[in-house]
Amino acid sequence: MRIVLIGPRGSGKTTVGTLLAEALDYGFIDTDQVVEEMAGITIPAIFADRGESAFRDAETEAIRTLPPDGVVVATGGGAVLRSENVQALRTGSLTVFLDAEVPVLVARIAGSNRPPLTGLSPADEMAAVRTARLPLYRGAADLCIDTGLLPPEEAVRRIVAFIGERQSPAFSREFVAFLEQTEMERHEWQTVRECLLRPEGMPLHGLYAVIGNPCLHSRSPELFTALFAASGVDGVYTRIEWPDLDTIMAQVRTAGVKGLSVTIPFKSDCMQYCDEITADARAIGAVNTVVRCGDHVVGTNTDWIGIRQPLLDTASGNAVVFGAGGAARAAVYALQDLGMAVTVLNRTEERASGIARHFGCGSGTPDAYDPEGTDVIVNATPVGMEGRGGSILSACDLRAHQTVFDLVYTPPDTHLLREARQAGCRCIPGTEMFVYQAQEQMRLFTGIAVDAARIREILR
Ligand code: NAP
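As a starting point, this report considers the structure included with it. (Residues numbered from 1 in each chain as written. Predicted model: local features only at pLDDT ≥ 70, side-chain atom pairs only at ≥ 80, totals over all residues. Heavy atoms only, no water.)

### Details of the overall build of the protein
Along its length, the protein carries 19 helices and 17 strands. The C-alpha extent of the protein, read off along each of the three principal axes, is 75 × 55 × 35 Å. By residue count, 52% of the 460 residues in the protein fall in the buried class. The contacts in the protein between residues at least 6 apart in sequence include a share of 69% that link residues at least 24 apart. For the protein, the accessible surface area stands at approximately 19,500 Å², while carbon and sulfur atoms represent 51% of it. Within the protein, the 57 negative side-chain charges are centred at a point lying 1 Å from the centre of the 41 positive side-chain charges. (Helix = DSSP H or I, 4+ residues; strand = E, 2+ residues; numbered from the N terminus. Buried < 20%, exposed > 50% of the residue type's maximum accessible area, 1.4 Å probe, protein only. Contact = heavy atoms within 4.5 Å. Areas by Shrake-Rupley, 256 points an atom, 1.4 Å probe, with all protein chains shown as cover. Lys, Arg positive; Asp, Glu negative; His and termini not counted. Charge placed at Lys NZ, Arg CZ, Asp CG, Glu CD.)

### Examining the pairing of strand 13 (residues 341-345)
As defined by bridge partners, strand 12 (residues 318-322) adjoins strand 13 across five bridges and the pair is classed as parallel. Directly across from Ala 319, in strand 13, lies its bridge partner Val 342. A crossover connection joins strand 12 to the parallel strand 13 through helix 15 (residues 326-337); in handedness this β-α-β unit is right-handed. With three bridges joining them, strand 13 and strand 14 (residues 362-364) adopt parallel strand pairing. (Pairing = 2+ DSSP bridges. Right-handed = clockwise from strand over helix to strand, strands pointing away.)

### Comments concerning the state of the cysteines
This structure, assessed with the given rule, holds one disulfide. With a sulfur-sulfur separation of 2.0 Å, Cys 144 is cross-linked through a disulfide to Cys 293. Because the torsion about its S-S bond is -105 degrees, the bridge between Cys 144 and Cys 293 counts as left-handed. Within this pair, whereas Cys 144 is found in strand 5 (residues 143-146), its partner Cys 293 is found in strand 10 (residues 289-293), the two being separated by 149 residues in sequence. Classification of Cys 144 by relative accessible area gives buried; the value is 16%. Looking at the unpaired Cys 215, the closest cysteine sulfur is the one in Cys 270, lying at 13 Å. Judged by its relative accessible area of 0%, Cys 215 is buried. For the unlinked cysteine Cys 270, the closest cysteine sulfur is that of Cys 274, found at 4.9 Å. Classification of Cys 270 as buried rests on a relative accessible area of 0%. (Disulfide = S-S within 2.5 Å.)

### Remarks on the environment of Phe 178
Residue position: Phe 178 is located in helix 9 (residues 170-181). Not counting chain neighbours up to four residues away, the residues in contact with Phe 178 comprise Ile 240, Trp 242, Thr 247, Ile 248 and Gln 251.

### Here's the deal with the sheet that holds strand 3 (residues 71-74)
Strand order in the open sheet formed by five strands is 2-3-1-4-5, and the pairing between neighbours is parallel. Where the open sheet ends on each side, the last strands, each with one partner, are strand 2 (27-30) and strand 5. When strand polarity is set aside, the average angle formed by the axes of neighbouring strands in this sheet is 20 degrees. Where strand 1 (residues 2-6) lies against strand 3, three bridges are found, and the strand directions are parallel. Bridge pairing links Ile 3 to Val 72 in strand 3. Contacting strand 2 and strand 3, helix 2 (residues 31-39) crosses the sheet at an angle of about 65 degrees to strand 2. This element, helix 8 (residues 152-166), spans strand 1, strand 4 (93-99) and strand 5 of the sheet and lies at about 165 degrees to strand 5. (Axes fitted to C-alpha atoms, helices over the stretch in contact; angles between N-to-C directions.)

### Some points on unusual backbone geometry
Geometrically, the link from Asn 213 to Pro 214 is a cis peptide bond, its omega value of 10 degrees lying close to zero. For Pro 214, the position within the fold is in the loop between strand 6 (207-212) and helix 11 (220-231). Cis geometry is found at the peptide bond from Ile 264 to Pro 265, where omega equals 5 degrees. Tracing the backbone through its elements, the reader meets Pro 265 in the loop between strand 8 (259-262) and strand 9 (276-277). One non-glycine residue with positive phi stands out, namely Asp 25, at about 60 degrees.

### Topic: the side chain of Thr 31
Structurally, Thr 31 can be placed in helix 2. Not counting residues within four places of it along the chain, the set of residues in contact with Thr 31 comprises Ala 62, Ile 63, Leu 66, Val 73, Ala 74, Thr 75 and Gly 76.

### Looking at the packing of helix 11 against helix 18 (residues 431-446)
At a minimum axis distance of 11 Å, the contact between helix 11 and helix 18 shows a crossing angle of 50 degrees. Here helix 11 lies oblique to helix 18, going by the angle between them. Helix 18 is crossed by helix 11, and the crossing has right-handed handedness. For the pair helix 11 and helix 18, contact is made by Ser 220, Leu 223, Phe 224, Leu 227, Phe 228 and Ser 231 and by Phe 434, Ala 438, Gln 441, Met 442, Phe 445 and Thr 446, respectively. Here the residues of the contact of helix 11 with helix 18 are counted per class, giving eight nonpolar, four polar and no charged. (Parallel < 35°, antiparallel > 145°, perpendicular 65-115°, else oblique. Left-handed = near helix turned anticlockwise from the far one by under 90°. Nonpolar A, V, L, I, M, F, W, Y, C, P; charged D, E, K, R; others polar.)

### Details of the environment of Asp 99
Within the element layout of this structure, Asp 99 appears in strand 4. Sequence-wise, Asp 99 and Gly 12 are 87 residues apart; in three dimensions their C-alpha atoms are separated by 8.0 Å. Setting aside residues no more than four positions away along its own chain, Asp 99 makes contact with Pro 8, Ser 11, Leu 105, Arg 130, Leu 134, Ile 145, Asp 146, Thr 147 and Gly 148. Of note is the side chain of Asp 99, whose polar atom sits 2.8 Å from the side chain of Arg 130. (Polar contact = N/O pair within 3.5 Å; in protein donor to acceptor, adjacent residues only side chain to side chain.)

### Looking at the sheet that holds strand 7 (residues 236-241)
Overall, mixed pairing links the six strands, which are arranged 7-6-8-10-11-9 in an open sheet. With partners counted over all chains shown, the strands left at the sheet margins are strand 7 and strand 9, one partner each. Sheet topology places strand 10 next to strand 11 (residues 296-300); five bridges connect them, and they run antiparallel. Across the sheet, residue Thr 289 finds its bridge partner in strand 11, namely Thr 300. Here helix 18 sits on the sheet in contact with strand 6, strand 7, strand 8, strand 10 and strand 11, set at roughly 10 degrees to strand 10.

### Focus: the packing of aromatic side chains
All told, the structure shown has eleven aromatic pairs when counted by the stated rule. Pairing Phe 322 with Tyr 369 gives two aromatic rings, centres 5.8 Å apart and planes at 55 degrees, and the pair type is tilted. Residue Phe 322 is located in strand 12, and its partner Tyr 369 is located in the loop between strand 14 and strand 15 (376-379); the two are separated by 47 residues in the primary sequence. What makes Phe 322 buried here is its relative accessible area of 3%. The exposure class assigned to Tyr 369 is buried, which follows from its relative accessible area of 11%. Through a chain of ring-to-ring contacts, the aromatic side chains of Tyr 208, Phe 224, Phe 228, Tyr 237 and Phe 445 assemble into a single cluster. (Phe/Tyr/Trp six-rings, centres within 6.5 Å; stacked < 30°, edge-to-face > 60°.)

By themselves, these figures tell us nothing about what the structure is for.
This is the structure:
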C-alpha cells in the first residue's frame, strides 16, 4: 500500500509524512522535491522562469512516476487541481487530507520563499485557495485530520489506527447485517456482501450508497460501480432502501460511509444530519449529495448543476418552470444563476407563490403561460412519466425559438419532447440532468472528473 498526504501548504504533510514513514518503515517522498530534482532548479525559479503551468506539468510527471507501494507521499497543495493527478495518486493508495484553520496555516508558512499565486495578502490568498480546493481535498480523501488541533505524533497514530480498522473485515459486519434487511436484488446483494467481507478488509476507498424509499429503481449503483472501476477507485457503491432516515444515518456514521446520493423522500430531512450545508443546497432547501470527511459530514446539491449545465449555451431570457416541488426549486436556482427571468407555474398556486417569495421570481397557475414571451420551458412535474403519460403543453403552445427541458427521464423521450421537436424547439431530455448531476457527484465523492459522454455510454 501507499499512503498519500494531500492538503494546503502548512498543513503538516512533510512533518506528519516523515514520522508516518518511520512508524510504518516506509520510504518518504515529497513531490515538490522530486519536481526540483527533475528540473534542476528550485520551485520559485520554475515559477519565475517558466510559469505556474510548467510547474503543474512537472508535478503531474512526478506523480506519474511515484512507486506504487511502500511509500508515504507528501504532495503539493495544488496537486488535486488536476483530475489525472488525483486518479494516479488514489490508485492503490490510502489518501489522507491534512487540514488546519487558515490562521494556523498562514503562521506555519510565514517566511517561506514560495511565490504567491494571487495578488492577495497571504491570509486572504490562503483562505481563497483553501476554499476553492476544499471539495477536491474532501472528495479525494479516505481520511481527514485537522493538524491544527493535534500534535503530529497523534495524527500519525490516527492514520495507523485507521489502516488497522480498514484491514479488519469485522469493521463492515454490522453494516452488512443492516443491508441484509433492506430491499436489494439478490445478485447485487451478493456482490456487495463479498466486497465488504473480503479477507483483506474493507475496500480501500470505502463505502458509498444511494439512500431513498424507494430507490430500488435507481441506476446510481450501476453507474458509480462502472465509474469507480474505470477510475481506479477501490470503493463499493450500494443502495439503501429503508423507510427510516434516522436508522440509515446512524448506520452510515458507524460504518464510515464516504458518500451518499440522496433521493425521495429524504432530500430535505437529510439536512439535519449534516454538520455543514453548502450555500447552494441551503438556498434550494435540499441535499442530494452527502460527503463525509473524517467526522465532518457535508451536505450539498448537484441537481441544480444537472439543470444548469445543459442550458449553459442558452442565451438568457424568460424561463417558465412548471411544477413547484423539489426539482422546480433546483430549476429556479439554476435558471437564475444563468441570468434568466423565471416564472413558476403550478396547479396549486400557493406552492408556486411560496417559491416565488423565496427566490424573488414570478408565479402563477399554468393558464398564465404565454408562448410568445417564453424562451425556456422546464417541466418539473411528473406529467409524462411512464404509466402516467400526458404532457403539460400541447403542440399549439410551443414555438420554434424555445428550448424545452423535460426533467422526466423515464421514458427518456416524452410526449412533450416529441411535440417540441415537431414545433422546431431545441429539446433536452431529463436523462441529461441525471448525467450532469452524477458527474458532479463523482467529483465530490472522489476528486476525479469524468466525461459526461462516458456517463451517457454507461447509462445507455
Ligand atoms: P414533487 O416534489 O412531488 O413535485 C411535483 C410537482 O409537480 C408539484 O408541484 C405538483 O403540483 C406537480 N404535479 C404533480 N402532478 C401534476 C399533474 N398531474 N399536473 C400538473 N402538475 C402536477 O416532485 P419533484 O421531486 O419536484 O420531481 C418532479 C419531477 O422531476 C419528477 O417526477 C421527475 O420526473 C423529475 N426529476 C428528474 C430528475 C432527473 O435527474 N432528471 C431528478 C429529480 C426529479 P402540486 O403542487 O399541485 O401538487
